[in-house]
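Residue-level structural notes
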Amino acid sequence: MSDASFSLDPRLEADTFPVLDLPLATVRLMDDSRFPWLILVPRRPGLAELIELEGDDRAVLTAEIDQASRALKTLTGCDKLNVAALGNMVRQLHIHIVARFEGDAAWPGPVWGVGERRTYASPQAMLLVARLRAALGGA
């Protein structure tokens with residue numbers, strides 16, 4: 001299946017910075033400096049659920065989640081990774097990978113709905129995006 005007709009949900013686009021495209025998923029950095037947080041969105045139109053991915057794509061996505069998780073853990077030295085596909089607010093299939101630290105603003109609970117988002121200063125975001133690209137093999 002081609003990704004030619006894929007388009008990113010406008011809410012995901014507005015809340016994230018582009019990092020790079022892996023073979024299946026586009027990788028985005030969530031614009032909340034409290035939590036290093038990646039979003040992976042498979043570039044396939046109309047998907048809402050993991051079970052809608054065909055077998056080969058599902059295997060590729062699993063490998064890309066692993067790759068992104070390892071890169072984020074290496075870069076941040078986090079205590080825990082939270083990986084989730086919720087889709088309650090944005091229906092388009094997307095995977096959250098959040099680096100968590102004991103004592104962060106939401107620890108030990110989930111990051112959703114906790115406090116006020118702190119957007120990245122542009123230089124800080126671009127530096128992290130560059131480091132993520134390098135860690136994911138796209139520099």
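Structural data are supplied above this passage.
Rules used in this analysis
Residues numbered from 1 in each chain as written. Predicted model: local features only at pLDDT ≥ 70, side-chain atom pairs only at ≥ 80, totals over all residues. Heavy atoms only, no water. Core = buried A, V, L, I, M, F, W, Y, C linked by side-chain atoms within 4.5 Å. Buried < 20%, exposed > 50% of the residue type's maximum accessible area, 1.4 Å probe, protein only. Helix = DSSP H or I, 4+ residues; strand = E, 2+ residues; numbered from the N terminus. Contact = heavy atoms within 4.5 Å. Pairing = 2+ DSSP bridges. Axes fitted to C-alpha atoms, helices over the stretch in contact; angles between N-to-C directions. Expected span 1.5 Å × (residues − 1). Arc of directions from axis to C-beta.

1. Remarks on the nonpolar core
Generally speaking, soluble globular proteins have nonpolar side chains that are buried together. Within the largest apolar cluster, 29 residues are counted, with the highest numbers of intra-cluster contacts made by Val19, Val27, Leu29, Leu38, Leu40 and Ile97. Elements with a minimum of two residues in this core: β1 (16-21), β2 (25-30), β3 (37-42), α2 (55-76), β5 (95-100) and α3 (122-135). With 5 residues, the single largest contributor to this core is α2. In this view, Leu29 contacts Asp15, Thr16, Phe17, Val19, Trp37, Leu38, Tyr120, Ala125, Leu128, Val129 and Leu132; residues no more than four positions away in its chain are not counted.

2. So, the sheet that holds strand β4 (residues 80-84)
Ordered by their spatial adjacency, 5 strands build an open sheet running β1-β2-β3-β5-β4, and the pairing between neighbours is antiparallel. Edge positions in the sheet fall to β1 and β4, since each of these pairs with one other strand and no more. Across the sheet, the axes of successive neighbouring strands diverge by a mean angle of 20 degrees, strand direction being ignored. Bridging between β4 and β5 involves 5 bridges; their strand directions are antiparallel. Looking across to β5, one finds that Asn82 is bridged to Val98. Across the face of the sheet, α2 comes into contact with β2, β3, β4 and β5 while running at roughly 20 degrees to β5. Packing against the sheet, α3 makes contact with β1, β2 and β3, and its axis sits at approximately 20 degrees to β1.

3. Concerning α3
Across its 14 residues, α3 extends 20 Å between first and last C-alpha, which sits within 8% of the 20 Å expected from 1.5 Å per residue. Listed as buried for α3 are Ala125, Leu128, Val129 and Leu132. Looking straight down α3, one finds its buried side chains confined to an arc of 105 degrees; they lie on one side. Exposed and facing more than 90 degrees away from the buried side of α3 are Pro123 and Leu127. Those residues of α3 hidden inside the fold are in contact with β1, β2, β3 and α2. Gly137 sits one or two residues past α3 and shows a positive phi near 85 degrees.

4. Structural notes on unusual backbone geometry
Note that the residue after Trp107, namely Pro108, is joined by a cis bond; omega there is 0 degrees. By secondary structure assignment, the location of Pro108 is in the loop between β5 and α3.

5. Describing α2
Helix length check: α2, at 22 residues, gives a terminal C-alpha distance of 32 Å against a target of 32 Å (1.5 Å per residue), a fit within 8%. Inspection of α2 places Asp57, Leu61, Glu64, Ile65, Ala68, Ser69, Ala71 and Leu72 among the buried residues, and these make up the whole buried set. Buried residues of α2, viewed axially, fall in a sector of 165 degrees; they line one side. In this structure, α2 carries Asp56, Thr62, Arg70 and Thr74 as exposed residues pointing more than 90 degrees from its buried face. Buried residues along α2 sit in contact with β2, β3, β4, β5 and α3. Positioned one or two residues after α2, Gly77 has a phi angle of 65 degrees, which is positive.

Fair warning: the whole summary comes from geometry, so function is off the table for now.
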